[in-house]
Amino acid sequence: MGIQPIDLQTMFAQLDKISNSQVQQTQAAQVQAALKQEDIARKQTAAKAAVEEPSKLNDGLGSIKDQNRQNSRQQDKRKEHEEKEPEEEKSYIYKDPSLGQHIDVSG
């Protein structure tokens, strides 16, 4: 079954329309890609120009001051705990007068 001349005549008439639609589709895809790139570039420049809030930064001066306060509080608690310990140790020390007087050498 071969191609009839009427079929070729119809295909050539439609070929112009098909090629125009293909060109429009490729151009639309290129325009969309260009718009996406411009949007990404705009977002990046906005991000570079923006200044982050100090509360979001964990390594700023505020956190150093907080760490110093926490360290000083922990040291104060340790000192208080150490001061309380000798009083508790004195109350728990038991002395046996015969302790250390008898040595067992037999094994």
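Now for a quick tour of the structure. Everything numeric in this text was worked out from a predicted model, so none of it was measured.

Another aspect to go through is a nonpolar patch on the surface. A grouping of Ile-3, Leu-8, Met-11, Phe-12 and Leu-15 is seen on the molecular surface, where their side chains present a nonpolar patch of about 530 Å² in accessible area. In this fold, Phe-12 is placed in helix 1 (residues 5–49). Overall, Phe-12 belongs to the exposed group, its relative accessible area being 59%.

Counted according to the given criterion, the structure contains 2 salt bridges. The partner of Asp-39 in a salt bridge is Arg-42, with the nearest N and O atoms 3.3 Å apart. Pair noted here: Asp-39 and Arg-42 are both in helix 1, with a separation of 3 residues, about one helical turn. Look at Asp-39 and you get partly exposed, because its relative accessible area is 28%. Owing to a relative accessible area of 51%, Arg-42 belongs among the exposed residues under this scheme. Across the pair Asp-39 and Lys-43 runs a salt bridge, and its minimum N-O distance is 3.6 Å. Note that Asp-39 and Lys-43 are positioned in helix 1 at a spacing of 4 residues, about one turn of the helix. On the basis of relative accessible area, Lys-43 is assigned to the exposed category, the value being 55%. Here the salt bridges share partners, and the residues they tie into one network are Asp-39, Arg-42 and Lys-43.

What counts, and at which threshold
- Residues numbered from 1 in each chain as written.
- Predicted model: local features only at pLDDT ≥ 70, side-chain atom pairs only at ≥ 80, totals over all residues.
- Heavy atoms only, no water.
- Patch = residues over 30% accessible without salt bridge, like charges linked within 9 Å, V, L, I, M, F, W, Y side chains within 5 Å.
- Areas by Shrake-Rupley, 256 points an atom, 1.4 Å probe, with all protein chains shown as cover.
- Salt bridge = Lys/Arg side-chain N within 4 Å of Asp/Glu carboxyl O.
- Helix = DSSP H or I, 4+ residues; strand = E, 2+ residues; numbered from the N terminus.
- Buried < 20%, exposed > 50% of the residue type's maximum accessible area, 1.4 Å probe, protein only.

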